[in-house]
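Each chain, letter by letter, is given below.
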Amino acid sequence: MPEARAWLQALPGVGPKTSAAVMSFSSLRRPALPVDSHHHRVAVRTGLIPPSVAVGPSHTVLEARLPPEWTAQQIYDHHEVMMLHGQRVCFYRNPACERCVLLDLCPEGQKRMAGGASAGQKSVEGQ
């Protein structure tokens, strides 16, 4: 896997997200975690990664946090759920924290619901 990802990323315009998507979404069906902006935003807001970790490097950090026994399908499902959550609830601006299923686990959402959105908003949205 690392060699295949490195080979793909040596191609012009291919970065960590695209190489992970090729490995995961194609007929290869390998365990790789693509991290898009939605997935990244949810990971930052829930505290899985610090706001200082950019999208590119977050692939390595978030993949390392996945359970080692997860299959390629489980990793794909995780990506899909995180991405959809970012698209449908955890919006870039004005996230719908009041209907978030992760609120109990989300320091950013708890801050927003308590009225302290401005500090957290700058740290996440100022990227």
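Preceding this paragraph is the structure being described.
Residues numbered from 1 in each chain as written. Predicted model: local features only at pLDDT ≥ 70, side-chain atom pairs only at ≥ 80, totals over all residues. Heavy atoms only, no water.

**A short note on the packing of aromatic side chains**
And then number 1: All told, the structure shown has 1 aromatic pair when counted by the stated rule.
And then number 2: Taken together, a centroid distance of 5.4 Å and an interplanar angle of 90° make the contact between Phe25 and Tyr76 edge-to-face. One end of the pair, Phe25, is in helix 2 (residues 16-25); the other, Tyr76, is in helix 5 (residues 72-88), with 51 residues separating them in the sequence.
And then number 3: Exposure remark for Phe25: the relative accessible area of 40% places this residue in the partly exposed category.
And then number 4: On the basis of relative accessibility, which here comes to 24%, the residue Tyr76 falls in the partly exposed class.
And then number 5: Over the aromatic face of Tyr76 sits the side chain of Arg29, whose NZ or CZ is 5.2 Å from the ring centroid. (Phe/Tyr/Trp six-rings, centres within 6.5 Å; stacked < 30°, edge-to-face > 60°. Helix = DSSP H or I, 4+ residues; strand = E, 2+ residues; numbered from the N terminus. Buried < 20%, exposed > 50% of the residue type's maximum accessible area, 1.4 Å probe, protein only. Lys NZ or Arg CZ within 6 Å of the ring centre and 35° of its normal.)

**Considerations on the pattern of salt bridges**
And then number 1: In this structure the tally under the stated criterion is 3 salt bridges.
And then number 2: Arg5 serves as the salt-bridge partner of Glu63, at 3.1 Å between the closest nitrogen and oxygen. Of this pair, Glu63 sits in helix 4 (residues 55-65) while Arg5 sits in helix 1 (residues 2-9), and the two are 58 residues apart along the sequence.
And then number 3: We note a salt bridge from Glu108 to Lys111, for which the minimum N-O separation is 3.9 Å. Here the residue Glu108 and the residue Lys111 both occupy positions in helix 6 (residues 107-113), the gap between them amounting to 3 residues, near one helical turn.
And then number 4: Overall, Glu108 belongs to the buried group, its relative accessible area being 5%.
And then number 5: Three or more residues joined by partner-sharing salt bridges are found here, namely Glu108, Lys111 and Arg112. (Salt bridge = Lys/Arg side-chain N within 4 Å of Asp/Glu carboxyl O.)

**Re unusual backbone geometry**
Backbone phi values are negative for most residues with the exception of glycine, while trans is the configuration of most peptide bonds.
And then number 1: For Arg29, which is not glycine, the phi torsion reads 50° and is therefore positive.
And then number 2: Taking relative accessible area as the criterion, Arg29 reaches 31% and is therefore assigned partly exposed.
And then number 3: With phi around 55°, Asn94 is a residue other than glycine that occupies positive phi space.
And then number 4: For Asn94, a relative accessible area of 61% corresponds to the exposed category.

**Observations concerning helix 4**
And then number 1: Every buried residue of helix 4 is listed here: Ser58, His59 and Leu62. Burial along helix 4 is one-sided: seen end-on, the buried residues are contained in an arc of 115°. The exposed set on the far side of helix 4, more than 90 degrees from its buried face, consists of Thr60 and Ala64.
And then number 2: Of the surrounding elements, those touching the buried residues of helix 4 are helix 2 and helix 3 (37-45). (Arc of directions from axis to C-beta. Contact = heavy atoms within 4.5 Å.)

**Quick notes on the state of the cysteines**
And then number 1: Enumeration over the complete set of coordinates arrives at 0 disulfides.
And then number 2: Of all cysteine sulfurs in the structure, the one in Cys106 sits closest to Cys90, which takes part in no disulfide; the separation is 6.2 Å.
And then number 3: Not part of a disulfide, Cys97 finds its nearest cysteine sulfur in Cys106, a span of 6.3 Å. (Disulfide = S-S within 2.5 Å.)

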